[in-house]
Amino acid sequence: MAGFCEIVQDYILFGIALLVKEFGRLRNIEMNIEKNPLASVIIPNYNHARYLKQRLDSVFNQTYQNFEVIFLDDCSTDNGLEIIERH
C-alpha cells in the first residue's frame, strides 16, 4: 500500500498535468483569436428598409465569419424592423 507521501505526490502530479493541459487549451483559444479576431459590423438604418435586405445579405455572405452585427435604428417608420427580424 502506498504511503501518505506517495498519495499526496500523485495528487500533486495529477494537478500539475491538469494545469498544463488547461494552459495548452487556453493558449490554443488565444492563438485562434489572434488569427480570427472578432469584427464588429455596424449597420445604421433610418427609413431605408428597401435597401436593408441587400445590406444584410452582403454582410452575412462574407467569407470571414467571425463577426457580430450591431444594428442601429432610430425609430424608423418603415418596415425595417420586420426585415431584420426575418433575417
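Everything below is about the structure shown above.
Residues numbered from 1 in each chain as written. Predicted model: local features only at pLDDT ≥ 70, side-chain atom pairs only at ≥ 80, totals over all residues. Heavy atoms only, no water.

A. Fine view of the pattern of salt bridges. Within the structure shown, the criterion is met by 1 salt bridge. The closest approach of N and O atoms between K53 and D57, which form a salt bridge, is 2.7 Å. Of this pair, K53 and D57 both sit in helix α2 (residues 49-60), 4 residues apart, which is roughly one turn of the helix. (Salt bridge = Lys/Arg side-chain N within 4 Å of Asp/Glu carboxyl O. Helix = DSSP H or I, 4+ residues; strand = E, 2+ residues; numbered from the N terminus.)

B. Main features of α2. Compared with the 16 Å implied by 1.5 Å per residue over 12 residues, the 17 Å span of α2 between its first and last C-alpha is a close match. Considered for burial, the residues of α2 that qualify are A49, L52, L56 and V59. Down the axis of α2, the sector holding all buried residues measures 65°, keeping them to one side. More than 90 degrees from the buried face of α2, the exposed residues found are R50 and Q54. Tucked inside the fold, the buried residues of α2 contact β1 (39-45), β2 (67-73) and α3 (80-86). (Expected span 1.5 Å × (residues − 1). Buried < 20%, exposed > 50% of the residue type's maximum accessible area, 1.4 Å probe, protein only. Arc of directions from axis to C-beta. Contact = heavy atoms within 4.5 Å.)

C. Fine view of the packing of aromatic side chains. For the structure on display, the rule yields 1 aromatic pair. Ring geometry for F60 and F67: centres 5.7 Å apart, planes at 55°, overall tilted. (Phe/Tyr/Trp six-rings, centres within 6.5 Å; stacked < 30°, edge-to-face > 60°.)

D. Focus on the side chain of N45. As for its placement among the helices and strands, N45 is situated in strand β1. Using a relative accessible area of 5% as the deciding quantity, one classes N45 as buried. Polar contacts involving the side chain of N45 include one to the side chain of R55, which spans 2.7 Å. A polar side-chain atom of N45 sits 2.8 Å from a polar atom in the side chain of D73. When neighbours within four sequence positions are excluded, N45 is seen to be in contact with L52, R55, F71, L72, D73, D74, S76 and G80. (Polar contact = N/O pair within 3.5 Å; in protein donor to acceptor, adjacent residues only side chain to side chain.)

E. Highlighting the pairing of β2. In the sheet, β1 pairs with β2 via 7 bridges, with the strands oriented parallel. In the sheet register, P44 faces β2, and the bridge partner there is L72. Regarding the hand of the β-α-β motif, the stretch spanning β1, α2 and β2 is right-handed. (Pairing = 2+ DSSP bridges. Right-handed = clockwise from strand over helix to strand, strands pointing away.)

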